[in-house]
Amino acid sequence: MILYLYRIVVWFLTPLIFAMLLFRSIREPEYRHRISERFGLLSSELSTGCVCFHTVSAGETISAAPVIKELIKHDQSLRILITTMTPTGSAMAKKIFGSGVEHSYLPYDYQFAVKRFFDLVQPRILILMETELWPNLVNEAAKRDIPVICINARLSERSARRYKFIRPLIKRLLHQVQLMACQYDGHVSRFIELGLDPEKARALGNMKFDLSVSPNLIADSFERRKGLGLDHRLIWIVASTHDGEEEIVLTVYKKLKKRYEDLLLVLVPRHPPRSKLVGSIFEREGNDLFCRIPITMTTAALGGDLEAPTLDGGKTRVKIPQGSQNNKQLRLRGKGMPSIRGGSKGDLYIEILVETPVNLNTEQIKLLKQFEKSCENNSPANRDFFSKVKNFWNSN
């Protein structure tokens, strides 16, 4: 009975779901694409009999990557499907695995959409990251004898209190789960209190702490710092911030600057569209700001204004015409400087254009042509050379 009530509520929430999708598409245009997948209309090219990982967004995809890679290493013929709910999760899956896995958005939890998903994909097992326990999804998997496993599962005290109001529904869901691999013992206890069979619960730690940093990434970070002239500066990185948190960071940063004058703050908002707003908060308080804005395929396709830093430390505002992804180049002109040029294949690559109103001397032209020829990718070596180009240009 409780499941039927849930389904009725979901249908009543449909206008809100569409409104939320519209709102997100305004802030993040990627939400406008592949909407049909969110209602179970998936590509017929997806493999059947796969291992399905639902990783929600980018962070969960990164956490699940070691497990997925180990499975592929153990059985290279294994077909893996990664489902997410956000475009950033989709992009991260492609970035990490390329064509080594398949990807689709997981349908919203309508019964008809979930049935379509299972009819087409027919997964061997459904693995849910953290606590993505959707009633229709889990119930349909149980009806088809598809094992459901939750990994890196978590349940805060606050969420546990809320779930008690719908305890019959949660208890039914937990009964249909074969294994709940939780982050900590406290999470295990809360799931058991809600009705999970203790035999199905394990505390295996937080998978996010199992990630290993490759030597190449460490070397690349040192190259980036050196290229930006920051190899001897103290850097404070604040990542994945949300609305209201940046003001707290700014207050602390001001206090730290009194003690550490050379301190540099690198702030990365959780949602990239908020970058401009966050930047204005810091500039309003008189802080120097450098903002790196990638040119994405969506920005190029939809057009619009883009403010970006020039190589001489200034800023330029560029009008990007709609449809610029069709093999056209987007040029951000420096003031008598080489330009950074973004293209349609990927978020950002650096390339030097001789596009300046001033006369170039022979040595400058030679240097620019040499760099333009070598800069086919954004490798550490090219970034180091780019730094040399910039220093030479400033000194001449």
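Preceding this paragraph is the structure being described.
About the criteria used
- Residue numbers restart at each chain and count upward from 1, following the sequence in its written direction.
- The predicted nature of this model means local features are confined to residues of pLDDT at least 70 and side-chain atom pairs, given and counted, to a pLDDT of 80 or more, with totals for whole chains, interfaces and linings taken over all residues.
- As a rule here, side-chain values come from all non-hydrogen atoms in the structure, and water together with hydrogens is ignored.
- For helices the rule is a DSSP run of H or I covering at least 4 residues; for strands it is a run of E covering at least 2, with both sets numbered from the N terminus onward.
- Exposure classes here rest on a 1.4 Å probe applied to the protein chains alone. A residue is buried below 20% of its type maximum, exposed above 50%, and partly exposed in between.
- Axis lines are fitted to C-alpha atoms, over the contacting stretch for helices. Their N-to-C directions set the angle, which ranges from 0 to 180 degrees.
- Here the word oblique covers every angle except those under 35 degrees (roughly parallel), over 145 (roughly antiparallel) and from 65 to 115 (roughly perpendicular).
- In this description, contact between two residues means that some pair of their heavy atoms is separated by no more than 4.5 Å.
- Throughout this entry, Asp, Glu, Lys and Arg are counted as charged residues, while Ala, Val, Leu, Ile, Met, Phe, Trp, Tyr, Cys and Pro are counted as nonpolar. The remaining residues, Gly among them, count as polar.
- Strand pairing follows a simple DSSP-based rule, namely that at least 2 bridges must link the two strands.
- Patches draw on residues past 30% relative accessible area with no salt bridge. Two like charges within 9 Å are joined, as are two nonpolar side chains (Val, Leu, Ile, Met, Phe, Trp, Tyr) within 5 Å.
- Shrake-Rupley sampling with a 1.4 Å probe provides the accessible areas, and residues are treated as covered by the protein chains on show and by no other component.
- A pairing counts as a salt bridge when a side-chain nitrogen of Lys or Arg comes within 4 Å of a carboxyl oxygen of Asp or Glu.
- Pairs were defined over the aromatic rings of Phe, Tyr and Trp, the Trp ring being its six-membered one, requiring ring centres within 6.5 Å. Orientation was assigned from the angle between planes: stacked under 30 degrees, edge-to-face over 60, tilted for the rest.
- In this description, one arc is meant: the one made by directions from the helix axis to the C-beta atoms.
- To qualify as a nonpolar core, a set must consist of buried Ala, Val, Leu, Ile, Met, Phe, Trp, Tyr and Cys residues joined through side-chain atoms within 4.5 Å.
- Less than a right angle of anticlockwise turn of the near helix away from the far helix marks a crossing as left-handed, whereas a clockwise turn marks it as right-handed.

A. Layout of the environment of Ser36. Mapped onto the fold, Ser36 is located in the loop between α2 (14-27) and β1 (51-56). Judged by its relative accessible area of 36%, Ser36 falls in the partly exposed class. Residues Ser36 and Ala113, 77 residues apart in the sequence, show an inter-C-alpha distance of 9.9 Å.

B. Focus on the packing of helix α1 (residues 2-12) against α2. α2 packs onto α1 with a crossing angle of 50° between their chain directions and a minimal axis gap of 4 Å. The orientation of α1 relative to α2 falls into the category oblique. Taken together, the residues of α2 that come into contact with α1 (itself represented by Val10, Trp11 and Phe12) are Thr14, Pro15 and Ile17. When the residues that make up the contact of α1 with α2 are grouped by side-chain class, the tally is five nonpolar, one polar and no charged.

C. Here's a closer look at the pairing of strand β5 (residues 148-153). Taking burial as the measure, the six residues of β5 include six buried ones, the bulk of the element. Pairing of β5 with strand β6 (residues 179-182) involves four bridges; the strand directions are parallel. Counterpart to Ala153 in the pairing with β6 is Cys182.

D. Quick look at a nonpolar patch on the surface. Together, Met1, Ile2, Leu5, Ile8 and Phe12 give the surface a local cluster of nonpolar side chains, amounting to about 550 Å² of exposed area. Of the residues examined, Ile8 reaches a relative accessible area of 45% and is grouped as partly exposed.

E. Structural view of the packing of aromatic side chains. Applying the stated criterion to the full structure yields seven aromatic pairs. With centroids separated by 5.8 Å and ring planes inclined at 25°, the aromatic side chains of Trp11 and Phe112 adopt a geometry described as stacked. Of this pair, Trp11 sits in helix α1 while Phe112 sits in helix α5 (residues 111-121), placing them 101 residues apart in sequence. Judged by centre distance (5.6 Å) and plane angle (80°), the ring pair of Phe39 and Tyr108 falls under edge-to-face.

F. Broad picture of α5. Regarding α5, the residues found buried are Ala113, Val114, Phe117, Phe118 and Val121. What you see down the axis of α5 is that its buried residues fit within an arc of 130°, all on one side. As for α5, its buried residues are in contact with β1, β2 (80-84), β4 (125-129) and α6 (135-143).

G. How the structure looks around the nonpolar core. Counting residues in hydrophobic clusters, the biggest one holds 46 residues, and the most contacted among them are Leu126, Leu133 and Met180. It is α5 that provides the largest number of residues to this core, a total of five residues. When near neighbours in sequence (up to four residues on either side) are disregarded, Leu126 contacts Cys52, Phe118, Leu137, Ala141, Ile146, Pro147, Val148 and Ile149.

H. Broad picture of the sheet that holds β2. Pairing is parallel in the open sheet, where seven strands are placed in the order β3-β2-β1-β4-β5-β6-β7. One side of each edge strand has no neighbouring strand; the edge strands of this open sheet are β3 (102-105) and β7 (201-203). Across this sheet, the average inter-strand angle for adjacent strands is 20°, counted without regard to direction.

I. Here's a closer look at unusual backbone geometry. Phi is positive for Gln122, which is not a glycine, with a value near 45°. Assignment of secondary structure puts Gln122 in the loop between α5 and β4. In this model, Asp145 sits at a positive phi of 60°, which is unusual for a non-glycine residue. Looking at where Asp145 falls in the secondary structure, it is placed in the loop between α6 and β5. Residue classification places Asp145 among the exposed positions, given a relative accessible area of 69%.

J. Up close: the packing of helix α3 (residues 58-74) against helix α4 (residues 87-97). The contact between α3 and α4 brings their axes to 9 Å, and the two run at 30°. In terms of axis orientation, α3 runs roughly parallel to α4. At the point where α3 passes α4, the crossing takes the right-handed sense. Within the contact between the two elements, α3 uses Ala58, Thr61, Ile62, Ala65, Ile68 and Lys69 and α4 uses Thr88, Gly89, Met92, Ala93, Ile96 and Phe97. Counted by class, the contact of α3 with α4 contains eight nonpolar, three polar and one charged residues.

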